[in-house]
Amino acid sequence: MKENVVYKNGGDIMVDFKKLKSKKTKPKSIDPLEIFRRLPKPEGINDLYSSQTEILQKWFERRDERDIIIKLHTGGGKTLTGLLMAQSTQNETGEPVLYLAATTQLVQQTLEKADKLGISAVPYLPGKPLDENFVNGKAIMVATYKALFHGKSKFGIRGESNPQNVAAIILDDAHAAFSVIRDSFTLEVKAKDNPSRYMELINLFRKSFKDIDRLGTLEDIVAGSDFSILEVPYWTWHDQLDAVREQLKSDSNKFGLVWPLLRDQLHLCHALISKDSFTITPILPLVNTFPTFFEAPRKIYMSATIADDSEIIRTFDAHPESVNRALQSRSLAGISERMILIPELMNFDFKKEQSERIIEWATTKKDVGAVILVPSDKAAIEWSGVASLAKGSTEVENLVFQLQQGEINGPVVFSNRYDGIDLPGDSCRILLMNGLPVGTSNYELFRASALYGGTTITRMLAQRIEQGIGRGARGAGDHCVILLMGRDISSWVAKDANFRFLTSATRAQLDMGIEVSKEIESVKDLVQTIVRSIDRDKDWIEYHAETLAEQVDEDKTNNLYITLAKLERKVINLWDDGYPEKAISKIEQLLDKDKHELDAQMVGWFQQLAARIADRWGSKDRALDLQRQAFSNNRNLIRPKVLPPYRPLAVSQPQAKAIARKIGDYRLRQGYLQSFEEIVTNLHKDASANQFEQALCDLATMLGFVSERHDKNGEGPDVLWLLPNQVGFVIEAKSRKKEKNALTKEEHGQLLVAAEWFKNQYPDYEFVRVSVHPKNQASRSAVAGASHALTYEKLMSLVSDARVLLTTLVESQLSNEMLEAECNRLLEESNLHSNRIASSYLVPFEVQTK
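Residues numbered from 1 in each chain as written. Predicted model: local features only at pLDDT ≥ 70, side-chain atom pairs only at ≥ 80, totals over all residues. Heavy atoms only, no water.

### Here's the deal with the pattern of salt bridges
Working step 1: Inspection of every chain in the model, using the stated rule, returns 45 salt bridges.
Working step 2: Among the salt bridges present, the one from R63 reaches E92, with a minimum N-O distance of 3.0 Å. Residue R63 is located in the loop between α3 (50-61) and β3 (67-71), and its partner E92 is located in helix α4 (residues 78-93); the two are separated by 29 residues in the primary sequence.
Working step 3: By relative accessible area, E92 is classed as partly exposed at 31%. (Salt bridge = Lys/Arg side-chain N within 4 Å of Asp/Glu carboxyl O. Helix = DSSP H or I, 4+ residues; strand = E, 2+ residues; numbered from the N terminus. Buried < 20%, exposed > 50% of the residue type's maximum accessible area, 1.4 Å probe, protein only.)

In structure tokens, the structure reads:
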């Protein structure tokens, strides 16, 4: 007996439990459920959710697969599940296991959970060797993604001796890591911090932008007056790689964590220019640079339930079949209660000041947290009068911690933080999402621009919206009111084509929110509805639970997205491995087989990738041919040095049919009006030329016409409208011109050139030359008598008439079939009819008298 006791404090006897435990010879279990059964249970954890049990059983059966994706609802216990899989692997192999989390805050939370469960886990410590207990397979290491993925990684880089091997890597919140991984491979020369190097790099490519008629845009970007992102044409990028390498080599100490990853792979990168930086980022992250990750026999990707997991393939080079065979549970465990309300769809005129009073009331009178999510720093400043602004990562973490601890209720406004912050319980009972999310990095903004109008960006927005609404309610038993505010986001969720990109749980909650929003008729009514969530009204809770149970189903993977991600990753790998011909062949095979299933934007994207590879391979003629095809399909891409033939637009349906069909695309017709209002906000003289022209183009489609922006190289009009009666409006937009200045000879000359181009491309059409101009005044030398002005006054009259027409149609209760007949009837009485629109809103130019 004495060998199991310890004498302390002069004779007091204490039982030595550690010694007793060490005497036990029972082998370690490798079954994660048995491991959990044997672990001490901290307060709040009595047993596993049925969904966790189901996932762990399935994983254990398939644990030797290289890539396994685990999908659990936010708050469904991913961390505990991941720790049990990590412990199981460690027990089975005796080898190191690495657990990755997106932020240092999540690393700390994971370590605390492991400690409470009695699972041995150690943190990654910067500046110190890897912990011996981890290296010897005795403790799980928990680290951020950035700890592994950087150019001086202690885990080792390919080509270096003795990289750290692991038996498994657990990738927690894998969906939140996509941008983090890309950042690890992205080098940015900041205009503010290193202006001379920024300009030297840009000057290397100035001529190439002149060759494709984008020099004016480049100069505006450098001057800070244009916020767009320009990609350096890949052919000149390839030609200048040695010069770029030489410049950056001298600054390599500034980019020490990135330069080693890119210096030999610059040809696999995009080069992007913005007003803030010159950015170099790989087409896809080069994760094979890290043997610890790439050669791990088990990689377990734990993801929230998002509708599109194909990015796991593009970012991590995961096996495509792993996405199709993701482990998920039909259990509703972890789905939070969310009351989603959309003020723009309510039956009263909702003002921003009213939302300010509501969130102030919530934080003071109801004593609960309120948070505002906005897409940009500029948008955040607009809330600074009522909310604390979170600037920079440290301040964000501090404010999140204060909300979580109940030290403050806010309101706090976060800019572009749609993931990576957790606000459970009273820390956030009201979450206001103001505006549609946008990209956070130059790469995301560039990709959004390149694929504008296609489904890829719709998928990205859907994921961002889901991530955003998930900030304020973190799992089963938690609840939050979500206010989706702003014309752009309310019209987005009202459109059927967008809705299908959301998970079934979010669709169910949005459907409830739309129905509830339609019943709200005043601010008082809105506040009372919010109170029913905060005060736990029984009828609301039951309505939410029953509707969720009826509508939530297992989300099916879209095989086309998997195919595209698989192709893009395979192509990059083949190119990197020295097989450019095979890489191009893969793209051509896909486009021959599946081109009809892809939107034109994505077809162009892949053709440009093929052209890029051909150019680097030295096949310049083939590259030019492929780039011309790419640009024909997607004019958002790089314009080739030799333009492809113009493809005339087709007018396929009458005006009323086109309008009725577009309205019918919206599950809630009010969303069509929100889209209209969002468009016309940019039809004013202070909008940028790009914003104004795009709005003018979009306005035409809302009126049932066909339109495009064509002036890419000075030969076509800024905007072209095609009317069903074979009439074209050839439009030059001089929207930023001062009112006192008349139309000049040079400006009218541009209009005449555009009209000549139109005659050649559309020989069977009549045309009207139109200049958007403050007044219908032209200088004598312009000789503009046969041309017409669309003045601001007439443009606003057109917008007002369109608003009346569309409001009448949207508010009608007619079926989609009957809507076309009603639209026809209204157009017959309207100046917007294609036969009358020119005479109603266009004014002939007159010679300026002064």
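### Considerations on the sheet that holds strand β20 (residues 706-708)
Working step 1: One open sheet accounts for six strands, arranged β20-β21-β22-β23-β25-β26; its pairing is mixed. Each end of this open sheet is capped by a strand with a single partner; those strands are β20 and β26 (843-844).
Working step 2: Alignment of strand β23 (residues 766-772) against strand β25 (residues 788-790), held across three bridges, turns out to be parallel. In the strand pairing of β25, V770 is matched with H788. (Pairing = 2+ DSSP bridges.)

### With respect to unusual backbone geometry
Working step 1: Phi angles above zero are rare outside glycine, and D173 is one such case at about 50 degrees.
Working step 2: Inspection of the secondary structure puts D173 in the loop between β7 (168-171) and α8 (178-184).
Working step 3: Residue N416 is not a glycine yet carries a positive backbone phi of 55 degrees.
Working step 4: Take N416: it is sitting in the loop between β17 (412-415) and β18 (430-434).
Working step 5: When its relative accessible area of 18% is taken as the criterion, N416 is described as buried.

### Quick look at a positive patch on the surface
Working step 1: On the surface, a cluster of positive charge is contributed by K566, K570, K582, K586 and K593.
Working step 2: Those elements that place two or more of their residues in the positive patch are α28 (559-576) and α29 (580-594).
Working step 3: The leading source of residues in the positive patch is α29, at three residues.
Working step 4: Tracing the sequence through the fold places K582 in helix α29. (Patch = residues over 30% accessible without salt bridge, like charges linked within 9 Å, V, L, I, M, F, W, Y side chains within 5 Å. Areas by Shrake-Rupley, 256 points an atom, 1.4 Å probe, with all protein chains shown as cover. Lys, Arg positive; Asp, Glu negative; His and termini not counted. Charge placed at Lys NZ, Arg CZ, Asp CG, Glu CD.)

### Focus: the state of the cysteines
Put plainly, a disulfide is one covalent bond tying together the sulfur atoms of two cysteines.
Working step 1: Applying the stated rule across the entire model yields zero disulfides.
Working step 2: No disulfide involves C428; its sulfur sits 4.2 Å from that of C480, the nearest cysteine.
Working step 3: A relative accessible area of 0% means that C428 is categorised as buried.
Working step 4: Given the relative accessible area of 0%, C480 is considered buried. (Disulfide = S-S within 2.5 Å.)

### Some words on the nonpolar core
Working step 1: Counting residues in each nonpolar core, the largest one holds 192 residues, and the members touching the most others are F278, F316 and W721.
Working step 2: In terms of residues, this core owes the most to one element, α28, which gives 10 residues.
Working step 3: Not counting chain neighbours up to four residues away, the residues in contact with F316 comprise Y145, L171, A174, A177, F178, I181, V287, F293, Y301 and E311. (Core = buried A, V, L, I, M, F, W, Y, C linked by side-chain atoms within 4.5 Å. Contact = heavy atoms within 4.5 Å.)

### A short note on the pairing of strand β6 (residues 140-144)
The side chains of a regular strand alternate between the sheet's two faces.
Working step 1: Of all five residues making up β6, five are buried, and the element is well covered by its neighbours.
Working step 2: What you see with β6 is no split at all: I140, V142 and T144 on one side and M141 and A143 on the other are buried throughout.
Working step 3: For strand β4 (residues 97-101) and β6, the ladder comprises four bridges, and the chain directions are parallel. What sits directly across from Y99, in β6, is V142.
Working step 4: Bridge count for strand β5 (residues 121-123) against β6 is three bridges, and the pairing is parallel. Of the residues in β6, the one forming a bridge with V122 is M141.

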